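# Remarks on the overall topology
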Amino acid sequence: MSELEESDAERAAPDADPQGDPFLRTRFVVPPRPVAFLRRERLVSHLDRALQTPLTMVNGPAGAGKTLLVADWAAARETSVAWLTTDAAGQKPGMFWAYLLQALRASGTPLPAAIGCPADAGRAPPTLLARLAAELSVLDRPVVVVLDEYDQVTDPEIAEQLEFVLRHAGDGLRLILVTRTEPLLPLHRYRAAGDLTEIRGAELAFTCEEATELLELHGLRLPESAARGLVERTRGWAAGLRLCALAARERPDPQTYLKEFEADRTSVADFLLAEVLGQQPAATQDLLLRVSVLDRFRPDLVNALTGRTDAEPILAGLCRANAFVEHLEQDWYRLHPLFGEILRAHLRVRSPGLETELHRRAARWLRGSGSLTETLGHGAAAGDWQFTADALVDDLAIGWLFTGLRSDELGELFSRMGPEAAGPAAELVRAARDLSRHEVDRGLGHLRRAEHGLAAELGLTAAGAGPAADLGELFPGRPDPTTGWRLPDSDPALAEARLTCALLEALAARLTGAPARAEVAATAAETLRDVVPAHLLERHPELIALLLAHLGSARLWAGRFEDAHTALTGAAGSAAGASTALAREDSLGRLALIDYLNGRLAGAERTARAALTEMERYGLPQPSGSGMGRLVLAAVAVERDDLSLAQALLAEAAEPHPALRDPVMEAGRAIATARLHLARGDIGAALAAAERTVPAAVASPWAQGQTALVVSAAHLADGRPETAVKVLQELTEATPACTVASARAELAAGRPLAAIDLLDRLRAEDRCGPAVTVRALLVRAQAADEAGERAAARGLVALALREARRDGLRRPFAEAGPWIRPFLAASASRGPTTDAHPHARPSDGPPPPMVEELTGRERDVLRRLALAMSTQEIAADLYLSVNTVKTHLKSAYRKLSVSRRNEAVRRARDLGLL
């Protein structure tokens, strides 16, 4: 064609395309919205703002609602929009521009006939593009052009020409691209200049509220939880929600259908298989089917599953194409959950048996990459239990079965492991599962078989010969002179499995009340810590934390409080996190018990409350904690005569973690319950609770002592002082609390000199807490009163009151008997005196009235002040800053008309605020 002929053709405005065919008018029509269409104002508003930028891109996967969103927005505009639905068939530059010019004219855009139309379907003359850009640039208002399905345009020349017109049209053109893929335009330049508006898949996804409205438009009313579940499963994908709603309408129970429908048997599957999978080359289809067994994947992993080497560009391309492959972080990807479901079902039909092999390959690759959780999941899915158990043990992750956010999930996973799984690791996992459920005998059986197998692998005994391997066989070395077991050496062979054995041995020793066995396990573990890779111990701090907690509890049962304190403090100070929360809570609870047994109630309460916050902080499943913190708080509440609170706390501690239900826990529960019954005057119930047998390999001196204290007090309350004396005399080891109780019993039996003689044996280095010293003072006061020394008795009672106030003690006064009532009445009538409170200052009259009421938070601070807590301790307990606590204290001082801590506490007590 000559240049003259081409110029004449361009000046015309034909009704036919460059090939002579009539224009398809449907490509210029704004698509209609369905009857059940939901207008989403947040997206419409975003499109309104898009008119401020030359280029707008609405980019999302198939069925994301892109076209309907823009169509709804365009139909609501006062001025018409030039709409063009692009077509992949024969999409050459000349044909594209012929259709685009026709779309502009169809929308009423005033274009002079001189612009013309391309005469050649394969090319668009540069002069035509220049004239078009020039005409658009002088329009009074910008023309809006929507190019729908722009992902069909793959010719780089068209993209280059479109960018030329957009750049030179200036404010006369607003271009909106509706696409599944990234367009071949210099988006980075527009983005950097602020000339690009983007609406992507994440913004197109339906929110829970929008999904609820959409379902209502389809005649479905669902509770919020059901709608949220559907949104999570579909990730808010518009087509998925609509197709599910249409299918649910035909079911008798729509809510159940939407919760349980099988994605591969719905119209959703037909849509995705046709619109997404079917659009890919055969090799890419195979890749997608294979990665469907993975929750997430990266190129190297995909190559391992497919045998390919080019997964990286394919995954990146699928992600750019919005082919339901989502980029996560770095080079990790995942499939849309519904797409993954459908692909897995398709894989089972197309390649039966391949899924198991893919899980096996994935498990081995992931194990090498250090992703343990996914390794375990794929190993279990492949049914390769020996590999899966080995992976758990070799990673030193056996503690995950006891603690952390995955403990329930992991327990359920290994519950599917059948008896055919053999080897030490499988037996160790079985032992851990049984011990975590307090099935001690079964757990010990598996543990012995594991130890026997490990000993055989180490060449220490012939496999299958003789009795089960003893713990000492795994740790050859010099014999322990006290136990006969052999202490470990530093042999690194199978160190991870042996350290796992040591942890489970310590737990079993704890649960059976065998402290010596726990010490052997701890010694073995201490040596193995220097052998196992350091990065494994850093990755799993829960293992050593649990080991120290088990050792500390076993030592506590043995009555070795200082050694127990050392181990428990180590566990409580382990790295913070969900995996160590159980060990920290357990250890803090037992440290609180030590404080309680030593008579230090304020310290016991602080530590017990710290224990409670450990499990609550991480939202771990219940029952997840040991419950010891609540038991100690219950015992403290009894000492403070708050019996209803004590009952409530005992009820809350009724279901501890099964793996922590050891003799310490059982004895603590029995004693707290017995003291509560005794405080209520139910002597029979108190004796029954206190004398309940706690199974253990060895007896606990403090448990025996605490039981004797309760039994003795019960006999005293029932008028049998001689029996009370006898109960305490039978103890082989008397604690200061037992000595004080013996003195009280002797006094009740009419032997005051014997009582005083016992009290005189108490030593200052015993460091008894107020719960002990207050009772000792009251015994001396009663003896003085019976001897007629009223002034001495009055002074001793005043001293006991002052000592009791530190810990809020009331029970010792309630159980003292009638003799103390006149002294308490006299003390109350006099109020605080210089004798009773050495730091009190004399007053010329009654204290001034309160300026104003204390706030709730000021009362909270004041209560902790009364427990002798420091400012830092109060801040930590209330989750406040130290400065905030100081502010509350200053305000409370002003309202109470005091200037010092002690004065504030006394004033608050006088006013009945504490």
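Values in this document were obtained by computation on a predicted structure and should not be read as measured data. (Residues numbered from 1 in each chain as written. Predicted model: local features only at pLDDT ≥ 70, side-chain atom pairs only at ≥ 80, totals over all residues. Heavy atoms only, no water.)

### Here's the deal with the overall build of the protein chain
Stated precisely, the cut-off is as follows: Under the DSSP-based scheme used, a helix requires at least four consecutive residues in state H or I and a strand at least two consecutive residues in state E, with every element numbered from the N terminus. Throughout, radius of gyration means the C-alpha value; the globule benchmark is 2.2 Å times the number of residues raised to the power 0.38. With a 1.4 Å probe rolled over the protein chains alone, any residue whose accessible area is under 20% of its type maximum counts as buried; one over 50% counts as exposed, and the rest are partly exposed. The criterion used for residue contact is that any of the two residues' heavy atoms lie within 4.5 Å.
The helix and strand inventory of the protein chain stands at 47 helices and seven strands. Whereas a compact globule of 914 residues would reach a radius of gyration of roughly 29 Å, the protein chain reaches 40 Å, over 25% beyond that. Its C-alpha atoms give the protein chain principal-axis dimensions of about 135 × 85 × 55 Å. A buried classification covers 53% of the 914 residues belonging to the protein chain. Relative to all contacts within the protein chain whose residues are 6 or more apart in sequence, the contacts with residues 24 or more apart total 69%.

### Here's the deal with the pairing of strand E3 (residues 143–148)
In plain terms, the rule: Note on pairing: DSSP must find at least two bridges between two strands before they are called paired. Every crossover in which the path from the first strand over the helix to the second runs clockwise, viewed with the strands pointing away from the viewer, is termed right-handed.
When you tally the buried positions in E3, you get six out of six residues, the bulk of the element. A two-sided burial pattern is seen for E3, the buried positions comprising Val-143, Val-145 and Leu-147 on one face and Val-144, Val-146 and Asp-148 on the other. In this sheet, E3 lies alongside strand E2 (residues 82–85) in parallel orientation, the contact comprising four bridges. When the sheet's bridge partners are listed, Ala-82 is paired in E3 with Val-145. Between E3 and its parallel partner strand E4 (residues 173–179), the chain crosses via helix H6 (residues 156–169), and the hand of that crossover is right-handed.

### Quick look at the packing of aromatic side chains
Where we set the bar: Two aromatic rings from Phe, Tyr or Trp, using only the six-membered ring of Trp, form a pair when their centres are within 6.5 Å; if the ring planes differ by under 30 degrees the pair is stacked, by over 60 it is edge-to-face, and anything between is tilted. Working rule: Lys NZ or Arg CZ, within 6 Å of ring centre, within 35 degrees of ring normal, means a charge sits over the ring.
Inspection of every chain in the model, using the stated rule, returns nine aromatic pairs. Ring geometry for Phe-324 versus Phe-339: centroids 5.8 Å apart, planes at 55 degrees, classification tilted. Placement of the pair is Phe-324 in the loop between helix H16 (311–320) and strand E6 (325–327) and Phe-339 in helix H17 (residues 337–350), with a sequence separation of 15 residues. Side by side, Phe-324 and Phe-339 carry an identical accessibility label, which is buried. Over the face of the ring belonging to Trp-332 we find Arg-296, whose NZ or CZ atom lies 3.9 Å from the ring centre. Over the face of the ring belonging to Trp-400 we find Arg-406, whose NZ or CZ atom lies 4.9 Å from the ring centre.

### A word on the nonpolar core
The criterion, for reference: As used in this record, nonpolar core signifies buried Ala, Val, Leu, Ile, Met, Phe, Trp, Tyr and Cys residues forming a set joined through side-chain atoms within 4.5 Å.
Core analysis: the largest hydrophobic core is formed by 77 residues, its most contacted members being Leu-556, Leu-593, Tyr-596, Val-632, Trp-702 and Phe-813. Membership of the second largest hydrophobic core comes to 55 residues, among which are Leu-428, Leu-511, Leu-543 and Ala-549.

### Comments concerning helix H22 (residues 424–436)
Rules: What a helix is expected to span follows from its residue count: subtract one and scale by 1.5 Å.
With 13 residues, H22 should reach 18 Å at 1.5 Å per residue; the first-to-last C-alpha distance of 18 Å fits that figure. Counted residue by residue, H22 has 13 buried out of 13 residues, so it is predominantly covered. One or two positions beyond H22, positive phi appears at His-438, with a value near 65 degrees.

### Section: the environment of Ala-826
With respect to the secondary-structure elements, Ala-826 resides in helix H43 (residues 821–830). Each C-alpha atom, one on Ala-826 and one on Arg-794, is 9.0 Å from the other, the two residues being 32 residues apart in sequence.

### Regarding unusual backbone geometry
Notably, Glu-149 is not glycine yet its phi reads approximately 55 degrees, a positive angle. Looking at Glu-149, the relative accessible area reads 33%, which means it is partly exposed. Residue Arg-235 is not a glycine yet carries a positive backbone phi of 55 degrees. Relative to the helices and strands, Arg-235 is located in the loop between helix H10 (224–234) and helix H11 (238–249).

### Notes on the environment of Leu-132
By secondary structure assignment, the location of Leu-132 is in helix H5 (residues 126–137). Using a relative accessible area of 1% as the deciding quantity, one classes Leu-132 as buried. Expressed as a C-alpha distance, the spacing of Leu-132 and Val-165, which sit 33 residues apart in the sequence, is 7.3 Å. Setting aside residues no more than four positions away along its own chain, Leu-132 makes contact with Trp-97, Leu-101, Leu-104, Leu-111, Ile-115 and Val-165.

### Comments concerning the side chain of Asn-322
As for its position among the elements, Asn-322 is in the loop between H16 and E6. Classification of Asn-322 as buried rests on a relative accessible area of 18%. When sequence neighbours within four positions are dropped, the list of residues in contact with Asn-322 reads Asn-59, Gly-60, Pro-61, Ala-62, Arg-180 and Thr-181.

### Here we look at the confidence of the model for the protein chain
The condition is simple: On a scale of 0 to 100, pLDDT captures the predictor's confidence in every residue.
Per-residue confidence for the protein chain gives a mean pLDDT of 86, with 90% of residues at or over 70. When mean pLDDT is compared element by element in the protein chain, helix H28 (residues 541–557) scores highest at 96, while helix H1 (residues 3–11) scores lowest at 41. Confidence drops under pLDDT 50 across residues 1–12; counting only partners more than four residues distant or on other chains, this segment forms 20 contacts.

### So, the sheet that holds strand E5 (residues 196–199)
To keep it simple, the criterion reads: Here an axis means a line fitted to C-alpha atoms, over the contact stretch when the element is a helix, while the angle between two N-to-C directions is reported on a 0 to 180 degree scale.
Sheet architecture is open: five strands sit in the order E2-E3-E4-E1-E5, paired in parallel fashion. Looking at strand neighbours, the two that pair on one side only are E2 and E5, the edges of this open sheet. In this sheet, adjacent strand axes meet at a mean angle of 15 degrees when their direction is disregarded. The sheet contact formed by strand E1 (residues 55–59) and E5 spans four bridges and is parallel.

### Some thoughts on the state of the cysteines
For the record, the criterion: Disulfides are defined as pairs of cysteine sulfur atoms found within 2.5 Å of each other.
Inspection of the entire model under this criterion finds zero disulfides. Looking at Cys-244, it has no disulfide partner, and the nearest cysteine sulfur is the one in Cys-208, 14 Å off. Of the residues examined, Cys-244 reaches a relative accessible area of 2% and is grouped as buried.

### Describing helix H39 (residues 752–760)
Selection rule: This arc is built from the directions going out from the helix axis to the C-beta atoms.
Residues Ala-755, Leu-758 and Leu-759 constitute the buried set of H39. Axial view of H39: buried residues confined to an arc of 100 degrees, hence all on one face. Elements that come into contact with the buried residues of H39 comprise helix H38 (736–748) and helix H40 (770–786).

### Some remarks on the pattern of salt bridges
Defined as follows: When a carboxyl oxygen of Asp or Glu is within 4 Å of a side-chain nitrogen of Lys or Arg, the pair counts as a salt bridge.
Tallied over the full model, the rule gives 63 salt bridges. As a salt-bridge pair, Asp-331 and Arg-298 come within 3.1 Å of each other at their nearest N and O atoms. With Asp-331 in the loop between E6 and strand E7 (333–335) and Arg-298 in the loop between helix H14 (282–291) and helix H15 (299–306), this residue pair connects regions lying 33 residues apart in the sequence. Residue Asp-331 is classed as partly exposed on the basis of its relative accessible area, which comes to 25%. In this structure, Glu-505 engages Arg-448 in a salt bridge whose closest nitrogen and oxygen atoms are separated by 2.5 Å. Of this pair, Glu-505 sits in helix H25 (residues 495–512) while Arg-448 sits in helix H23 (residues 440–457), placing them 57 residues apart in sequence. Residue classification places Glu-505 among the buried residues on the basis of a relative accessible area of 1%. Linked through salt bridges whose partners overlap, the residues forming this network are Arg-33, Arg-39, Glu-41 and Asp-72.

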